[in-house]
Amino acid sequence: FDDRDGWIWLDGQFVPWREAKVHVLTHGLHYASAVFEGERMYGGEIFELTAHTERLFKSAEILDMEIPFTVAEIDQACKDTCAKNGLEDAYLRPIAWRGSEMIGVSAQNTKTHVAIAVWDWPSYFSPEARAKGIRLTWAKYKRPSPETEPVHAKAAGLYMICTLSKHAAEKEGYTDAMMLDYRGYIAESTGSNVFFIQDGVIHTPLADCFLNGITRQSVIKLAREKGFEVVERHIKPEELAGFTECFVTGTAAEITPVAEIGEYTFKPGNISLSLMDDYSKMVRRQLVMA
Ligand code: PMP
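Residues numbered from 1 in each chain as written. Predicted model: local features only at pLDDT ≥ 70, side-chain atom pairs only at ≥ 80, totals over all residues. Heavy atoms only, no water.

Caption draft 1: Here's a closer look at the overall build of the protein. Each helix and strand in the protein was counted, giving seven helices and 16 strands. Counting all 290 residues of the protein, 52% fall into the buried class. A separation of at least 24 residues holds for 68% of the contacts in the protein among residues at least 6 apart in sequence. As displayed, the protein offers around 13,800 Å² of accessible surface, 51% of which is attributable to carbon and sulfur atoms. Counting 31 positive and 41 negative side-chain charges, the protein places the centres of these two groups 3 Å from one another. (Helix = DSSP H or I, 4+ residues; strand = E, 2+ residues; numbered from the N terminus. Buried < 20%, exposed > 50% of the residue type's maximum accessible area, 1.4 Å probe, protein only. Contact = heavy atoms within 4.5 Å. Areas by Shrake-Rupley, 256 points an atom, 1.4 Å probe, with all protein chains shown as cover. Lys, Arg positive; Asp, Glu negative; His and termini not counted. Charge placed at Lys NZ, Arg CZ, Asp CG, Glu CD.)

Shown next as structure tokens:
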């Protein structure tokens, strides 16, 4: 992904895409001292821009890193990077990491660097898979306890088991993997949150040990404003037999119907389809929420 035209914002300057490099002794590479975001611009407007930037700063604070910019400066840099690349519909990837100024577990004298890359990325899952509903298998690894990892940061280190789980799923012909948490409850997929529907009621796992996605929060608000009951609670895997619809949510995934999780099957129904429609209008500002 490094050999292409375009501009990347790096520590306050635009650099040509191919030249946006870091040293091999970068602390973030050795010790996962890196936090990032995933955002989307729709028709020239970045959806929930400041919420994403604030989460980036919060993730950095949780990892004891100090971003040497303000939230407003990063917001502006995100917009400028899209403009510089001539994009009105884009995926944005801001990232902050500890640099190569020193190496070792202790990294007190490293600088926190920030980059923002943006690219055209219409669909996270293939349009064919989205239309049918994606197929998920169970992940081998479990989302850790808040006593084991800083689970509410969007931190690079928390993705190690996501990549392993996604690869294992893809090798077996699945699109993604569903991860349980350390207690055995349903948690999230490797890059999105999950919702289930039973008798007109929407259920979603309580975000107490995984990323409380900005899309998840928007979808909960949207569904409640549309008059649906949304229950956030612990969900056991065997309860999946009682749900008729299932979808995942995320900035990249948007709302994607799920057809299968292991032995359980679902069909995208009216509620999923109407929320997908409302979500795509909301992000394009064709539907304004209270
Ligand atoms: N969980 C994980 C592990 C993710 O990577 C993402 C994508 N950032 C999400 C959930 C959804 O978060 P959001 O809706 O903020 O994109």
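On we go.
Caption draft 2: Expanded view of the environment of glutamate 260. On the secondary structure map, glutamate 260 appears in strand E15 (residues 254-261). Accessibility expressed as a relative area gives 18% for glutamate 260, which makes it buried. Through-space distance from the C-alpha of glutamate 260 to that of leucine 136 is 5.7 Å; in sequence the pair is 124 residues apart. Leave out the neighbours within four places in its chain, and glutamate 260 touches Ile134, Arg135, Leu136, Tyr174, Thr265 and Phe266. Here the side chain of glutamate 260 touches arginine 135 through a polar contact of 2.9 Å, side chain to side chain. (Polar contact = N/O pair within 3.5 Å; in protein donor to acceptor, adjacent residues only side chain to side chain.)

Caption draft 3: Representation of the packing of aromatic side chains in the model. Considering all chains together, one arrives at 13 aromatic pairs under this definition. Seen in terms of ring centroids, tyrosine 124 and phenylalanine 125 are 4.6 Å apart; in terms of plane orientation they differ by 65°. Their pairing is edge-to-face. The exposure class assigned to tyrosine 124 is partly exposed, which follows from its relative accessible area of 25%. Owing to a relative accessible area of 2%, phenylalanine 125 belongs among the buried residues under this scheme. When the centroid spacing of 5.1 Å and the interplanar angle of 15° are considered together, the rings of phenylalanine 195 and phenylalanine 247 count as stacked. Of the two residues, phenylalanine 195 is situated in strand E11 (residues 193-198) and phenylalanine 247 in strand E14 (residues 245-250); the sequence distance between them amounts to 52 residues. A single burial state applies to phenylalanine 195 and to phenylalanine 247, both of which are buried. Ring pairing ties together the aromatic residues Phe1, Trp17, Tyr91, Trp119, Trp121, Tyr124 and Phe125, which thus form one cluster. Its guanidinium or amino end placed over the ring of tryptophan 17, arginine 4 lies 4.7 Å from that ring's centre, counting from NZ or CZ. Note that lysine 84 overlies the ring of tryptophan 7, its terminal NZ or CZ placed 4.4 Å from the centroid. (Phe/Tyr/Trp six-rings, centres within 6.5 Å; stacked < 30°, edge-to-face > 60°. Lys NZ or Arg CZ within 6 Å of the ring centre and 35° of its normal.)

Caption draft 4: Highlighting the packing of helix H2 (residues 49-62) against helix H3 (residues 71-84). Where H2 meets H3, the axes come as close as 9 Å, and the angle between the chain directions of the two elements is 125°. Taken together, the axis directions place H2 and H3 in an arrangement best described as oblique. Our pair here, H2 against H3, has a crossing hand that is right-handed. In this structure, H2 contributes Leu49, Thr50, Thr53, Glu54 and Phe57 to the contact, and H3 contributes Val71, Ile74, Asp75, Cys78 and Lys79. Within the contact of H2 with H3, the residues separate by chemical class into five nonpolar, two polar and three charged. (Axes fitted to C-alpha atoms, helices over the stretch in contact; angles between N-to-C directions. Parallel < 35°, antiparallel > 145°, perpendicular 65-115°, else oblique. Left-handed = near helix turned anticlockwise from the far one by under 90°. Nonpolar A, V, L, I, M, F, W, Y, C, P; charged D, E, K, R; others polar.)

Caption draft 5: Summary view of unusual backbone geometry. The backbone of glutamate 48 shows a phi angle near 55°, a positive value even though the residue is not glycine. The residue glutamate 48 is located in the loop between strand E5 (45-46) and H2 in this model. The phi dihedral of aspartate 199 is positive, around 50°, even though this residue is not glycine. Looking at aspartate 199, the relative accessible area reads 75%, which means it is exposed.

Caption draft 6: Spatial organisation of the state of the cysteines. All chains considered together, the criterion is met by zero disulfides. The cysteine cysteine 209 is free of any disulfide, with cysteine 162 supplying the nearest cysteine sulfur at 12 Å. Judged by relative accessible area, cysteine 209 falls into the buried class, the value being 1%. Not part of a disulfide, cysteine 246 finds its nearest cysteine sulfur in cysteine 162, a span of 17 Å. (Disulfide = S-S within 2.5 Å.)

Caption draft 7: The arrangement of the site of the ligand in detail. If you check the shell around the ligand, you find 15 residues, and the closest are Lys154, Tyr159, Glu188, Thr215 and Thr251. Contact distances for the ligand include 2.7 Å between a nitrogen atom and a side-chain N or O atom of lysine 154. Against a free-state accessible area of 390 Å², the protein chains account for coverage of 94% of the ligand. For the shell around the ligand, the secondary-structure elements that each account for two or more residues are helix H6 (214-225) and E14. Looking at the shell around the ligand residue by residue, the classes come out as three nonpolar, nine polar and three charged. (Near = heavy atom within 4 Å.)

Scope: geometric values only; no functional claims are made or implied.
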